[in-house]
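Remarks on the overall topology
What follows is the residue order along each chain.
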Amino acid sequence: MKQILLLAVTALILSCGGKTSKAAGEADSLATETAVETGIDKHSEAYIRQRIDTIYKTVGKSVYDSQGNEVSYIENRFNRDSAYCSQRYYALMREAQAICDKTDDILYDYDYWICGQDFSDDWSCKVTNVYALTDSTALVNLAIHNFGDSETTIALRFERGDWYIDDFSPSEDGNDDKQHLREIIHQDSGR
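For clarity, every value in this text was computed on a predicted model and none was experimentally measured.

1. Quick notes on the overall build of the protein
- Within the protein, the secondary structure is distributed over six helices and six strands.
- When the helices and strands of the protein are listed from N to C terminus, the series reads α-α-α-β-β-α-α-β-β-β-β-α.
- Per-residue burial for the protein yields a buried fraction of 34% across its 191 residues.
- In the protein, once contacts between residues fewer than 6 apart in sequence are set aside, the share between residues at least 24 apart is 51%.
- For the protein, the exposed area adds up to about 11,700 Å²; of that, 52% sits on carbon and sulfur atoms.

2. Focus on helix H6 (residues 177-189)
- The first and last C-alpha atoms of H6 sit 19 Å apart over 13 residues, in line with the 18 Å expected at 1.5 Å per residue.
- Along H6, the positions that sit buried rather than exposed are Asp177, Lys178, Leu181, Ile184, Ile185 and Asp188. The arc enclosing the buried residues of H6, seen along the axis, measures out at 125°, which places them on a common side.
- Residues of H6 that are buried in the fold lie against helix H5 (87-103) and strand S6 (162-168).

3. Overview of the environment of Gln87
- Counting through the fold element by element, Gln87 comes out in helix H5.
- Separated by 78 residues in sequence, Gln87 and Ile165 have C-alpha atoms that sit 9.3 Å apart.
- Excluding residues within four positions of it along the chain, Gln87 makes contact with Glu159 and Arg160.

4. Some points on the pattern of salt bridges
- This model, assessed by the stated rule, comprises eight salt bridges.
- Across the pair Glu45 and Arg49 runs a salt bridge whose closest N-O atoms are separated by 2.9 Å. On the criterion of helical spacing, the pair formed by Glu45 and Arg49 is a turn pair, its members being four residues apart in helix H3 (residues 45-56).
- On the accessibility criterion, Arg49 (26% relative accessible area) is partly exposed.

5. Concerning the pairing of strand S3 (residues 124-131)
- Here S3 pairs with strand S4 (residues 137-145) via seven bridges, running antiparallel. By the bridge assignment for S4, Asn129 is matched with Asn141.
- Here S3 folds back onto S4 in antiparallel fashion, the turn holding five residues, of which Ala132 has a positive phi close to 55°.

6. Quick word on the nonpolar core
- Within the largest apolar cluster, 34 residues are counted, with the highest numbers of intra-cluster contacts made by Ile52 and Tyr56.
- Where this core is concerned, the elements lending two or more residues are H3, H5, S3, S4, strand S5 (149-159), S6 and H6.
- Not counting residues within four places of it along the chain, the set of residues in contact with Ile52 comprises Val127, Val140, Leu142, Ile154 and Leu156.

7. So, the side chain of Thr152
- Its place among the elements puts Thr152 in strand S5.
- Among the polar contacts made by the side chain of Thr152, one reaches the side chain of Ser169 at a distance of 3.3 Å.
- Not counting chain neighbours up to four residues away, the residues in contact with Thr152 comprise Cys115, Val140, Asn141, Leu142, Ile144 and Ser169.

8. A short note on the packing of H5 against H6
- Where H5 meets H6, the closest approach of the two axes is 9 Å, and the angle between their N-to-C directions is 45°. The angle between H5 and H6 falls in the class oblique. Relative to H6, the crossing made by H5 is left-handed. For the pair H5 and H6, contact is made by Arg88, Tyr89, Leu92, Met93, Glu95, Ala96, Ile99, Cys100 and Lys102 and by Asp177, Lys178, Leu181, Arg182, Ile184, Ile185 and Asp188, respectively.

9. Observations concerning the pairing of S5
- As paired elements, S4 and S5 share nine bridges and run antiparallel to each other. From the neighbouring strand, His145 faces S5, where its bridge partner is Asp149.
- Taken together, S4 and the strand that follows it, S5, pair antiparallel across an intervening segment of three residues, in which Phe147 is found at a positive phi of about 55°.
- Across six bridges, the pairing between S5 and S6 is antiparallel. Bridge pairing in S6 links Phe158 to Trp163.

How each quantity is defined
- Residues numbered from 1 in each chain as written.
- Predicted model: local features only at pLDDT ≥ 70, side-chain atom pairs only at ≥ 80, totals over all residues.
- Heavy atoms only, no water.
- Helix = DSSP H or I, 4+ residues; strand = E, 2+ residues; numbered from the N terminus.
- Buried < 20%, exposed > 50% of the residue type's maximum accessible area, 1.4 Å probe, protein only.
- Contact = heavy atoms within 4.5 Å.
- Areas by Shrake-Rupley, 256 points an atom, 1.4 Å probe, with all protein chains shown as cover.
- Expected span 1.5 Å × (residues − 1).
- Arc of directions from axis to C-beta.
- Salt bridge = Lys/Arg side-chain N within 4 Å of Asp/Glu carboxyl O.
- Pairing = 2+ DSSP bridges.
- Core = buried A, V, L, I, M, F, W, Y, C linked by side-chain atoms within 4.5 Å.
- Polar contact = N/O pair within 3.5 Å; in protein donor to acceptor, adjacent residues only side chain to side chain.
- Axes fitted to C-alpha atoms, helices over the stretch in contact; angles between N-to-C directions.
- Parallel < 35°, antiparallel > 145°, perpendicular 65-115°, else oblique.
- Left-handed = near helix turned anticlockwise from the far one by under 90°.

See the structure below:
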């Protein structure tokens, strides 16, 4: 009887991965549950590349509503922000935009999705590198073709069962979009 009980306890510990708290394994369990449900490892480089392709498929292209009317590029960009940005990043964007609206300032003088002010007819992007991958974060380098070639980096955050953009152009020197949003919010709080 003791051997059966010991075997059952050992099996339980092993099935839990030896984690002693929900917080310790929260991100891991999200990935595991998703992989089991769909058969896809959402924390693989291949999946992240596919996710970025899905996110960027409408960038630089005309989008139409259910009645066949073209959706303005600005409205489409805002829809893309709410659908594909992390909750915390989207909240920062909304707060900074509200401040700019009341002060008649411009939040962005370029389109952060295309890394430019306008997009060419042959705009395209391609994931060149996925790195710094953890259970909850990843960085992705994108090669962008838009009136020439350039490269940018986007930060991703795993939440709500998938990867969402958590910052455009993150860099070690602090010149990123999230920092820009925080500065606007900070300046407004000092007024």
